[in-house]
Amino acid sequence: MTASSSFSSSLQRRRFAAWLALGAASPMLPARAAAPFPEKGRTVRIVLGLAAGGASDAQARFVANKLGEVLQTPVIVENRPGASFILATEEVIRSAPDGYTFMYAPSSVVAQNPQTLAQVRYDPFKDLTPISLGARGPLVLTVHTSVPARTVQELVAYIKANPGKMSYASFGTGTSSHIYGEAFARQAGLDVVHVPYKGGADAAKDFLAGRVQYYFDAAPNAIQNTATGKVRMLAVAAPKRSPMLPDVPTMGEQGVSGVDMPSWLGFYGPARMPAPVVEKLNAALAQVLAMPATRDFFRQGAYEAESSSPKQLADLTRSTYDQWGDIIRKLGLVKQQQ
């Protein structure tokens, strides 16, 4: 090595050492601030695992419209029907936990599907972030008017007089409408066929046509279908009568127990969402769900718009999961393939 090159290398080493020393002595530069949520103009997606046109879809779209106004950014509903909400749930779980993708889901997605469907690969307590409750409301036992029954007892008598000839619809295998239908059939000793669909809108087509004779439907769908004159509401599947359906008795009032858990829907995002983003979405949803217009819209379908803290939704998820687990075990149901 020449004297010149040796000097150059020595100088470079001294400069590097000085640079390190300067860096150690200098205060750390502040980290780049996270972008504010939501970024103006960036679209927020609410994923829904049901076909367009049903009650939950209408609720989600109403909330999306108002939420866009509160957040001052576009909010859309993306329908991903099929597999009892599994496709939609997996879409959310795979999404970046940045607040721009979350879902509006019935309690069955987190409380029943993991216990009734073999192909469920998600853990509702590890793979999702609770954001806020959205609504509460009952399922309603509805019957097609071709069936001459105006009470639960009359429906039981008619089914028993026609064993194996009647069928009931559900939102999908493993959903609350399926489990209620199964519980009702077991308790009353009914010989019926279960026909699962991809949501209330799909089920309504066959139900209104009389191809399936009855099912436990979401209250908004039940009200809408009853208005056609082709459907009757026989009972509310809840511990007490709905204030919006005061003339419809409960299943318990008509001698059928164990079919009395009110349903609810909530907003969930993927796991590991930053706390500030969850707080921002929670506050915005609370504002939307408290609006008189939102409450009036939900009440038209016998649902109550209701928000919650993320922890309250997490606790509700756990308690509902445990309650449905007891029912599923008592019925002896095993996990099924879709």
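Calculation criteria
Residues numbered from 1 in each chain as written. Predicted model: local features only at pLDDT ≥ 70, side-chain atom pairs only at ≥ 80, totals over all residues. Heavy atoms only, no water. Helix = DSSP H or I, 4+ residues; strand = E, 2+ residues; numbered from the N terminus. Buried < 20%, exposed > 50% of the residue type's maximum accessible area, 1.4 Å probe, protein only. Contact = heavy atoms within 4.5 Å. Areas by Shrake-Rupley, 256 points an atom, 1.4 Å probe, with all protein chains shown as cover. Pairing = 2+ DSSP bridges. Axes fitted to C-alpha atoms, helices over the stretch in contact; angles between N-to-C directions. 1 Å grid on protein atoms, 1.4 Å probe; cavity = no way out; pocket = protein on both sides within 12 Å on 5 of 7 lines; lining within 4 Å. Points joined across faces, edges and corners; volume = space filled by probe spheres on them. Nonpolar A, V, L, I, M, F, W, Y, C, P; charged D, E, K, R; others polar. Polar contact = N/O pair within 3.5 Å; in protein donor to acceptor, adjacent residues only side chain to side chain. Salt bridge = Lys/Arg side-chain N within 4 Å of Asp/Glu carboxyl O. pLDDT = per-residue confidence, 0-100.

## With respect to the overall build of the protein
Logical step 1: Along the protein, the regular secondary structure elements total 12 helices and 11 strands.
Logical step 2: For the protein, buried positions account for 52% of its 338 residues.
Logical step 3: The contacts in the protein between residues at least 6 apart in sequence include a share of 78% that link residues at least 24 apart.
Logical step 4: Accessible area for the protein stands at about 15,600 Å²; split by element, carbon and sulfur atoms hold 56% of it.

## Describing the pairing of strand 3 (residues 101–106)
Logical step 1: Taken across its 6 residues, strand 3 has 6 buried, putting it largely inside the fold.
Logical step 2: The side-chain alternation of strand 3 yields two buried faces, one formed by Thr-101, Met-103 and Ala-105 and the other by Phe-102, Tyr-104 and Pro-106.
Logical step 3: In terms of strand pairing, strand 3 meets strand 10 (residues 263–270) through 4 bridges, oriented antiparallel. Bridge assignment links Tyr-104 to a residue of strand 10, and that residue is Phe-267.

## Some details on the sheet that holds strand 9 (residues 231–237)
Logical step 1: One open sheet holds the 5 strands; their spatial order is 7-6-8-5-9, and the pairing between them is mixed. Every interior strand has two partners, whereas the edge strands, strand 7 (193–196) and strand 9, have only one. On average, each strand axis in the sheet is tilted by 30° relative to the strand beside it, whichever way the strands run.
Logical step 2: As paired strands, strand 5 (residues 139–144) and strand 8 (residues 214–218) are joined by 5 bridges and run antiparallel to one another. Counterpart to Leu-141 in the pairing with strand 8 is Phe-216.
Logical step 3: Contacts from helix 7 (residues 176–188) reach strand 5, strand 6 (167–170), strand 7, strand 8 and strand 9, with the element oriented near 150° to strand 6.

## So, empty space enclosed by the protein
Logical step 1: Using the criterion set out here, one finds 2 cavities of 30 Å³ or more in the structure.
Logical step 2: Its volume calculated, the largest cavity comes out at about 310 Å³.
Logical step 3: Around the largest cavity, the lining comprises 28 residues; the ones closest to its centre are Leu-50, Ser-56, Pro-106, Phe-171 and Ala-218.
Logical step 4: Those elements giving two or more residues to the lining of the largest cavity turn out to be helix 2 (55–71), helix 4 (107–111), helix 8 (200–208), helix 9 (219–226) and strand 10.

## Here's the deal with the layout of surface pockets
Logical step 1: Computed from the structure, the second largest pocket encloses a volume of approximately 200 Å³.
Logical step 2: Lining the second largest pocket are Gly-53, Gly-54, Ala-55, Ala-58, Gln-59, Pro-220, Ile-223, Gln-224, Phe-297, Phe-298, Gln-300 and Gly-301.
Logical step 3: Sorting the residues of the lining of the second largest pocket by element identifies helix 2, helix 9 and helix 11 (292–299) as the ones contributing at least two each.
Logical step 4: Partitioned by chemical class, the residues of the lining of the second largest pocket number 6 nonpolar, 6 polar and no charged.

## Looking at the side chain of Ser-95
Logical step 1: The residue Ser-95 is located in the loop between helix 3 (86–94) and strand 3 in this model.
Logical step 2: In this structure the side chain of Ser-95 is engaged in a polar contact, spanning 2.7 Å, whose partner is the backbone oxygen of Glu-91.
Logical step 3: When sequence neighbours within four positions are dropped, the list of residues in contact with Ser-95 reads Arg-45, Thr-101 and Pro-270.

## Focus: the pattern of salt bridges
Logical step 1: On inspection of all chains with the given rule, the structure shows 17 salt bridges.
Logical step 2: Asp-206 is paired through a salt bridge with Arg-211; the nearest N and O atoms lie 2.9 Å apart.
Logical step 3: Given a relative accessible area of 54%, Arg-211 falls into the exposed group.
Logical step 4: In this structure, Lys-311 and Asp-315 form a salt bridge, with 2.8 Å as the shortest nitrogen-oxygen distance. With Lys-311 and Asp-315 both in helix 12 (residues 310–331) and 4 residues apart, this pair spans about one turn of that helix.
Logical step 5: Note on Lys-311: relative accessible area 57%, which makes it exposed.

## Brief notes about the environment of Lys-165
Logical step 1: Within the secondary structure layout, Lys-165 lies in the loop between helix 6 (152–161) and strand 6.
Logical step 2: Separated by 28 residues in sequence, Lys-165 and Val-193 have C-alpha atoms that sit 7.9 Å apart.

## Remarks on unusual backbone geometry
Both trends apply: most residues other than glycine have a negative phi, and most peptide bonds are in trans.
Logical step 1: Here Phe-37 and Pro-38 are connected by a cis peptide whose omega angle stands at -10°.
Logical step 2: Even without a glycine there, the phi angle at Gln-72 is positive, about 60°.
Logical step 3: Counting through the fold element by element, Gln-72 comes out in the loop between helix 2 and strand 2 (75–79).
Logical step 4: On the accessibility criterion, Gln-72 (59% relative accessible area) is exposed.

## Thoughts on the sheet that holds strand 11 (residues 304–305)
Whenever strands of a sheet pair, they do so through backbone hydrogen bonds, lying parallel or antiparallel.
Logical step 1: Spatial ordering of the open sheet is given by 2-1-3-10-4-11, a layout of 6 strands whose pairing is mixed. At either end of the open sheet lies a strand with only one pairing partner, and these are strand 2 and strand 11.

## Some remarks on the confidence of the model for the protein
Logical step 1: When pLDDT is averaged along the protein, the result is 88; 89% of the residues meet or exceed 70.
Logical step 2: Segment residues 1–32: pLDDT under 50, and 2 contacts once partners within four positions in sequence are set aside and those in other chains are kept.

## Things to note about the environment of Ala-135
Logical step 1: One can find Ala-135 in strand 4 (residues 128–137).
Logical step 2: A residue is classified by how much of its surface remains accessible, and Ala-135, at 0% relative accessible area, is buried.
Logical step 3: In contact with Ala-135, other than residues within four places in its own chain, are Gln-59, Tyr-104, Ser-263, Trp-264, Leu-265, Phe-298, Tyr-303, Glu-304, Ala-305 and Glu-306.

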